[in-house]
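# Descriptive structure summary
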Amino acid sequence: MISLLWLVPALPLVSALVLVLFGSRLSRGAVAAFGVGSIGLSALITILAALSFFSAPPAGNSYTQVLWTWIDVAGFKPEISFYLDALSLVMVLVVTFVGFLIHLYSAEFMVEDEGYSRFFAYMNLFVASMITLLLGNNLLLLYLGWEGVGLCSYLLIGFWYREPVNGLAARKAFIVTRVGDTAMSLGLFLLFTQLGTLQIQDLMQRASQQWQSGSIYALVAALLLLGGAVGKSAQLPLQVWLPDAMAGPTPTSALIHAATMVTAGVYLIARTHVLFALAPAAQLAVAIVGAGTLLLAGFSALTQHDIKRVLAYSTVSQIGYMFLALGVGAWQAAIFHFMAHAFFKALLFLGAGVVIDAQHDEHSIFRMGGLRKELPITFWTFLIGGCSLAGLPFTAGFFAKDLIIWAALSAEGGQPGFWIAGIIGALLTSLYTFRLIFRVFFGPSNTPVTKRPGYAMTVPLLLLAALSIVGGNIKEPFLAFLHPSLPATIESASAFLTEVQSEATAATVFLIGLYCAYLFHLQKGTLADALVVNPVGRTLHQWWFSGWGFDWIYDKAFVQPFIRAAEINKSDFVDAFYTGVARWAELFYRGLSQTETGRVRWYAMGMAAGSVVFIAMVLFL
Amino acid sequence: MLVRRDLIVVLMSLEVMLNAAGLAFVVAGARWHQADGQVVFLFILAMAAAEVAVGLALVMQIYRRFKSLDVDALSEMRG
Amino acid sequence: MELAFYIAGVVAVISTFLMLTRLNVVHALLYLIVSLLAVAVVFYTLGAPFVAALEVIVYAGAIMVLFVFVVMMLNLGKQGVEMEKQWLTPGIWTGPVLLAGILIIEVLYLVRVGTASLPTGAVEPKEVGIALFGPYLIGVELASMLLLAGLVGAYHLGFRKDEKQEIQHGRDTYERRATASGNSVLARTDRLARTP
């Protein structure tokens, strides 16, 4: 069963091809069958492979399936081969299963759209690329998947391409992630030239043999890979594209920008953890990036009024938690949080999709309200997802986040500062989550409900809600399962709190956030307005609303100078070469057409002169 | 032929040139004692006859249309 | 014999030169005929009597006669002389004279450099005839086809539109008398008759 591993990326790829070629001729049902069915089959095969992996673990706790040799030149021999170990198994399971639920949801959500087959083609291509990324045995194949998901992200963000805004958002996403991709490819070049291979396991072995801890090569390579991860996962300083990426359809936001693509960076760092362990400075950088991002995004999420943008900033913040975990050496905690986050964030996005649909495409939470009675299933599932996100005790999110917050203090790379950042982040998470829930589902109804979801949309919601609750209970076996792939977190002795105390603090913070949100947004709505009217409050509000001004900074620092330089260079000398050729030809034409006078005597003169010249040449040369 | 603008004179100059070429051929044939020179002259003669016939018919048409025999007036094919 | 050659040669050159400079077209024609006759004499002195005869009969006889016919038909007269006087400015001669001068220099050079040997003996017409019926047979056939083409072309080009109109007019009147149709036919013929 495990030898069918290659089908897992192949099925969505084939489905994408079929939909691209024949999609416009198939009926809605057929398209949905291809789109959803392929992912469903992939999920099934993954589950079966996982079962066989559990029951009879292969040698070395990893299974490699080589398909064929991709390139073979001068000793560089990457193959198309898939590597299944605990880490990639967990991630592929989550991607295919959550992906299947999201595809099922979007079969109904997108049913009225005229680009139905195009949507499923892109989504399937995305899943195929993501799985290639996760299963790739060498960094080149991983990079192929990396680029593939970047492409599909662009295509899906700009799905409704007739609106220029969507195209701009898609371009912004692509260009910003491109910056990260360039850093990553430079890192790949460095790794290859120094260590001679890109095959991940060999790479890690050679790195640990040849480079000592703190080696400059390891540091530079790790920082470059971090650059790539930062771009793809929308962390500081490249986080600007994710909020604008909400211009795409909601299932896209759920799949790509919540559960899967943005976690590609986390996967990359987890896979190459040996490299980061060899470069403590880089690892510290990862932790700082994570901590900074989670605070920045948390404050920004507090001020947003588009429901999807709140969730987008929330995603950025939660991935910040994952980066923080990676940075302090809590590798398994990061993956655990990834799994929990995939469940509840996808759930939240899908619920938001239902809400937006029901409110007649209204996105602003200040114009919603009272949906508790109208959309009961959506309300309860959304509430569960939100609680899991905020860290209600004994939900999946609680276990995951507290593990990270505890590790931020207790792990070898941990600092009290990280712990404080984690706690503040949890407070902010609770605040903005319940602000969102109270505004949308409680209070008076501002916009009437026009559409209710059908079964294809509610079943995924229910399943994800169930997973959000119970998913955390497998913490101990889960961490043990990941042990062969990722080292356990090394605890240092100098923590000033115990684990239970840390968890208690987190729970308290959750309650504080809940109460404040209740106060501001449910009981006395005017209190929130008063805060905003206050001049200090207003400045802060605007600053956080615009994502701490990063868009403005990038515009002034990069975009405007580039545009100005392009305008100055509009007629550069290279152009002169091409226009020069054209002008020269035109000159020749004009000159030659002068000789075409139409007069016989002129032509005769030409012939006579020519023959004289020829005779002279024959005689004298 | 390059100097005169009268169409008839142009054609006459053409005849002169053909004649001169034929003369050269005959002289060459006589120099090397072969009949080829005279044979070629015969062909040139036949060709000149045909050309004169067609050319003069054209002259008539041109005179009828342009009312003059100026060679320079016939420059409608200029580019 | 050689004297005849040189005299005929001089006559040919002079008469050609005079032909080029005459203002009256008919005068130029007559000088051309003289030139052709002189060349015929040159041919005879070179030992090609057949060709000389051909020159006189065909070239001076047929082709020049054609020229004379056309010139007479066009009937330019006094105004022709005036036109020529206008056109023939002295400045016009410079270019051609230059080119011709270069050619003459080249010819003289060739004469100096080349192997000088006078032509000896004549080529019999019999030999020419055998050559024509032998290796040059195809040429003969092609020449006859060329003459046919020239004939047809000349006929077609010389066809005057008035003649066409006369025939058309005759046909139309016949139609009119035969069918007694009416004004449309008359109108058509009237329009045809009015076009120049």
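The coordinates are above.
Thresholds, definitions, all that
- Residues numbered from 1 in each chain as written.
- Chains lettered and ligands numbered in written order.
- Predicted model: local features only at pLDDT ≥ 70, side-chain atom pairs only at ≥ 80, totals over all residues.
- Heavy atoms only, no water.
- 1 Å grid on protein atoms, 1.4 Å probe; cavity = no way out; pocket = protein on both sides within 12 Å on 5 of 7 lines; lining within 4 Å.
- Points joined across faces, edges and corners; volume = space filled by probe spheres on them.
- Nonpolar A, V, L, I, M, F, W, Y, C, P; charged D, E, K, R; others polar.
- Helix = DSSP H or I, 4+ residues; strand = E, 2+ residues; numbered from the N terminus.
- Core = buried A, V, L, I, M, F, W, Y, C linked by side-chain atoms within 4.5 Å.
- Buried < 20%, exposed > 50% of the residue type's maximum accessible area, 1.4 Å probe, protein only.
- Contact = heavy atoms within 4.5 Å.
- Salt bridge = Lys/Arg side-chain N within 4 Å of Asp/Glu carboxyl O.
- Axes fitted to C-alpha atoms, helices over the stretch in contact; angles between N-to-C directions.
- Parallel < 35°, antiparallel > 145°, perpendicular 65-115°, else oblique.

With that out of the way, let us pick up the layout of surface pockets. One water molecule sets the probe size; rolling that probe over the atoms shows where empty space is left. All names here are of chain A. Computed from the structure, the second largest pocket encloses a volume of approximately 1300 Å³. Together, 39 residues line the second largest pocket, and Val165, Asn166, Leu168, Ala169 and Asp244 are the ones closest to its centre. Among the residues forming the lining of the second largest pocket, the class breakdown is 22 nonpolar, four polar and 13 charged.

With that settled, the discussion passes to empty space enclosed by the protein. Residues and elements named next belong to chain A. One pass over the structure, following the stated rule, counts five cavities of 30 Å³ or more. Of the pockets and cavities examined, the largest cavity occupies roughly 60 Å³. Lys172, Gln239, Val240, Pro243, Asp244, Arg309, Tyr313, Ser546, Gly547, Phe550 and Asp551 together form the lining of the largest cavity. Taken together, the elements giving at least two residues each to the lining of the largest cavity come down to helix 9 (241–244), helix 14 (307–328) and helix 25 (550–568). Classifying every residue of the lining of the largest cavity gives four nonpolar, three polar and four charged. Counted as a void, the second largest cavity has a volume near 40 Å³. Lining the second largest cavity are Ala390, Gly391, Phe398, Lys401, Asp402, Ile405, Ala426 and Ala506. A per-element tally of the lining of the second largest cavity places helix 18 (residues 396–410) first, with four residues. Here the residues of the lining of the second largest cavity are counted per class, giving five nonpolar, one polar and two charged.

Ranked by size, the top nonpolar core spans 200 residues in total, and within it A:Phe323 and A:Ile335 carry the most contacts. In terms of residue count, the dominant contributor to this core is helix 15 (residues 331–358) of chain A (21 residues). In contact with A:Phe323, other than residues within four places in its own chain, are A:Leu226, A:Ala229, A:Val230, A:Ser233, A:Gln235, A:Gly265, A:Val266, A:Ile269, A:Val286, A:Ala287, A:Val289 and A:Gly290. Listed in part, the 42 residues of the second largest apolar core include B:Leu7, B:Val10, C:Ala38 and C:Leu74.

Let's shift gears to the pattern of salt bridges. Residue and element names in this part refer to chain A. For the coordinates displayed, the defined rule picks out eight salt bridges over all chains. Residues glutamate 147 and arginine 178 are paired through a salt bridge, measuring 3.0 Å at the closest nitrogen-oxygen approach. Here the residue glutamate 147 occupies a position in helix 5 (residues 139–157), and arginine 178 occupies one in helix 6 (residues 164–195), the gap between them amounting to 31 residues. For arginine 178, a relative accessible area of 32% corresponds to the partly exposed category. A cluster of three or more residues bridged by salt bridges with shared partners is formed by Lys172, Asp244, Arg309 and Asp551.

Before going further, it helps to spend a moment on helix 11 (residues 264–271) of chain A. Counting buried positions along helix 11 of chain A yields eight of eight residues, so the element is predominantly enclosed. The set of residues buried in helix 11 of chain A consists of A:Ala264, A:Gly265, A:Val266, A:Tyr267, A:Leu268, A:Ile269, A:Ala270 and A:Arg271.

Let's shift gears to the packing of helix 1 (residues 7–22) of chain A against helix 2 (residues 28–55) of chain A. All names here are of chain A. With their axes 8 Å apart at the nearest point, helix 1 and helix 2 run at an angle of 175 degrees to one another. Taken together, the axes of helix 1 and helix 2 lie roughly antiparallel to each other. Contacts from Leu7, Val8, Leu11, Pro12, Ser15, Val18 and Leu19 of helix 1 reach helix 2 at Val31, Phe34, Gly35, Ser38, Ile39, Leu41, Ser42, Ile45 and Thr46. Of the residues belonging to the contact of helix 1 with helix 2, the class tally is 11 nonpolar, five polar and no charged.

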